[in-house]
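Chain by chain, the residues:
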Amino acid sequence: MGYGMDGLWARARRRLGRNRGARAGLVIVGTLAVAALLAPVLAPQPPGRMDLDRVLLPPGPGHPLGTDYFGRDMLSRLIYGARVSLTVGVVAQSLSATVGVTLGLVAGYCGGWTDLVIMRLVELMLCFPDLLLAVGLTVALGPGPYTLFLALGLVGWPGMARLVRGEALALRDREFLEAARATGTGPVRVLWGHLFPNCLSPVIIAVTGGMAACIMAEASLSFLGLGAQPPTPSWGSMLNLGRPYLHLAPHLVIFPGLAIALAVFGFNLLGDGLRDALDPRRSDFPG
Amino acid sequence: MSRLLELDKLKTYFYTEEGVVLAVDGVSFHIERGETLGVVGESGCGKSVTALSILRLVPNPPGRIIGGDILFEGQSILRKTEAQMRDLRGNDIAMIFQEPMTSLNPVYTCGEQIAEAIELHQGLRKREALEKAVDMLKLVGIPGPERRVREYPHQLSGGMRQRVMIAMALSCNPKLLMADEPTTALDVTIQAQILELMKDLKQELGMAIMLITHDLGVIAEMAKRVVVMYAGKVVEEADVAGLFRKPLHPYTEGLLSSIPRLNRPQGRLHVITGQVPNPVNLPPGCRFHPRCPYTEDICLQREPELVDTGGGRLVSCWVRAGGSRAEVA
């Protein structure tokens, strides 16, 4: 007792609010999301507008973060780049979460042959190095946003499936599932209505952490020229474009690099905060 | 009218790596409408598996019903389709479990869980089902039901949760309520309250109760007839008064004499010597013979049948039901 009317979510929210790191993470992620959503409003210039009279300008008035080799405003490109990073992260994570959670739940709950087949498939997928698999797929399907979603989603689901299967395995013999079956609840509803909500917190934590990994992976692929294609501004491809001018105009790599680091840092902070906030074993009142 | 429930030589075996576990091995008994039947026995004697078999919820693999039949209102449960079974579960036959701490889903409010059964079987909308859930909580004596219906299981005490479980089980007016050790996890005063509640509700709703317990005190309090199980078999069936006055099977006798009495001086408590046999490797002959003080030669060789000794009393024992020997021979 002692929580009055509120439930698990209210408690998680309160714990999250008390965690300084998680608050910082939330601010960073929130800022990025706002930047991505309102990019056309926030960006001082269209990201593709060139001005060949003002190339490779260092940060200064008019261009707070300088300009690149084509005279494009760096700040505008970074703001639009947030769109690419976050979209890739959200879509790829939704994909891998959907596939991973479904297969993980089914494997853990059904056990037996079903479990065996699904888990062997998971292990097979885990044999490939993540980035190599993504690179291979992109090369095979040709670079483009959909390939990117697919490649990163495909890389993510086995880990998710494994995580969810573990949770489902630990819960499958719990009496509340037995009680649900004894009330006449069908198997699909037992799985999604009763088992899944109890696995939700590790999934949320994993998705948040996965977002950071996805942003990194997108940047890596774009850096290699396999991600977002020009003229779409992406942090990874900006890094790549800036690389030849490292000595001449270091701001071309410093700012995209900072953006990537900040985004990854933000999602990781938030993930850690969520881990603490959603842990049912942790008490609000230590000692 | 047919009997409410009839088990006919039910056999539920578990096929494990160590061997075949004869969890329920030829169990027969019946329950009349509106009657309370007690099922007694030690842990692992097959009481709970019998209940799960009746709902056809034995985990498969490793468990399987391999023989016998279960008739509910004259119809075989084993021949029903899975969809028909889902219709039956929670609606005609409801079950409450031993552990109120873990039998409720921690992520839903009490109201939502009660309402789910009502939505499922009575086709009510969520709003109406939630209103009915409040009525059910009132029925099981939870104070402030309008508030409690919106609370989560972790906000309730053990006794409260068991009341919620009972409310859930009774929400669709089942004809049979199976209670698997409903009070074992509760402390003594709460136990008495829950038993009293079940008794009252039975009066009010007229359902039959199959009360599974290892506590003979609970049986004396609640049941009219008793079935005693040992190692997957029914060893004795009797009306409660008769059983307590004169137990026939040596196992029942042992159980009864192990109860501490307040009204007579007593030194050490009586114990039944030996241990429950390993279910994969049961002794030959009568399964109780290694622990029985009256063992004869025949007990080691042949399994006794459940024999009617008259007056609704059945016992499976070579020594106590002499007539059977002639019959079998």
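Going along each chain's sequence as written, the residues are numbered from 1 onward. Here the convention is simple: chains get letters from A, ligands get numbers from 1, in the order in which they are written. Side-chain atom pairs in this predicted model are given and counted only at pLDDT of 80 or more, local residue features only at pLDDT of at least 70, and totals for whole chains, interfaces and linings cover all residues. Only hydrogens and water are set aside; all other atoms, that is, all heavy atoms of the structure, feed into the side-chain values.

1. Observations concerning the sheet that holds strand β11 (residues 307-308) of chain B
All names here are of chain B. How we decide: By this definition, two strands are paired if DSSP reports at least two bridges between them. Helix and strand definitions here come from DSSP, where helices need a minimum of 4 consecutive H or I residues and strands a minimum of 2 consecutive E residues; each element is numbered from the N-terminal end. Pairs of residues are marked as contacts when any of their non-hydrogen atoms sit within 4.5 Å. Axis definition: a line fit to C-alpha positions, over the contact stretch in the case of helices; interaxial angles, taken between N-to-C directions, run 0 to 180 degrees.
The strand order across the open sheet built from 8 strands is β6-β7-β8-β3-β9-β10-β12-β11, with neighbouring strands paired in mixed fashion. The outermost strands of the open sheet, each flanked by one partner alone, are β6 (93-96) and β11. When β11 meets strand β12 (residues 314-315), the two strands line up antiparallel, connected through 2 bridges. Looking across to β12, one finds that V307 is bridged to V315. Sheet strands touched by helix α6 (residues 158-170): β6 and β7 (176-180). Its angle to β6, the strand with the most contacts, is close to 170°.

2. A look at the nonpolar core
Operational definition: By nonpolar core we mean a set of buried residues, namely Ala, Val, Leu, Ile, Met, Phe, Trp, Tyr and Cys, connected to one another through side-chain atoms within 4.5 Å. Classification of residues uses two cut-offs on accessible area relative to the type maximum, computed with a 1.4 Å probe and protein chains only: under 20% is buried, over 50% is exposed, and between them is partly exposed.
Ranked by size, the top nonpolar core spans 76 residues in total, and within it F29, L176, M198 and M210 of chain B carry the most contacts. When residues in this core are grouped by element, the largest group, 8 residues, is from α6 of chain B. The contact partners of M198 of chain B, leaving out residues within four places of it in the chain, are I96, I166, L177, A179, P182, I209, L211 and M222 of chain B. Ranked by size, the runner-up nonpolar core spans 32 residues in total, among them I28, L32, A36 and L278 of chain A.

3. Topic: the layout of surface pockets
The condition is simple: Lining residues are defined by having an atom within 4 Å of a point belonging to a cavity or pocket. Those points lie on a 1 Å grid over the protein atoms alone, cavities being sets where a 1.4 Å probe fits but cannot get out and pockets being open sets with protein on both sides within 12 Å along at least five of seven lines. Grid points are joined across faces, edges and corners, and a volume is the space filled by probe spheres set on the points. Charged residues are taken to be Asp, Glu, Lys and Arg, nonpolar residues to be Ala, Val, Leu, Ile, Met, Phe, Trp, Tyr, Cys and Pro, and polar residues to be all remaining types, Gly included.
The calculated volume of the second largest pocket comes to roughly 840 Å³. If you trace the second largest pocket, you find 26 residues lining it, with R181 of chain A together with L57, V58, P59 and N60 of chain B closest to the centre. Of the residues contributing to the lining of the second largest pocket, the split by class is 10 nonpolar, 6 polar and 10 charged.

4. Points about the interface of chain B and chain A
Here is the rule: In this description, buried area is defined as the sum, over both parts, of the accessible area (probe of 1.4 Å) that is lost when the two are combined. One side-chain nitrogen of Lys or Arg within 4 Å of one carboxyl oxygen of Asp or Glu is enough to make a salt bridge. Contacts described as polar in this section are N or O atom pairs within 3.5 Å, which, within protein, must combine one atom able to donate a hydrogen with one able to accept it, while residues neighboring in sequence count only if both atoms come from side chains.
Every contact between the two is made by 31 residues of chain B and, on the other side, 25 residues of chain A. When the two sides are added together, the surface that chain B and chain A hide from each other amounts to roughly 2,400 Å², 59% of it contributed by carbon and sulfur. Interface area lost by chain B to chain A is led by E116, H154 and Q155 of chain B, which between them contribute 22%. In this structure, R189 of chain A and E116 of chain B form a salt bridge, with 2.7 Å as the shortest nitrogen-oxygen distance. Here chain B and chain A share 9 residue pairs in polar contact (both at pLDDT 80 or more) between them.

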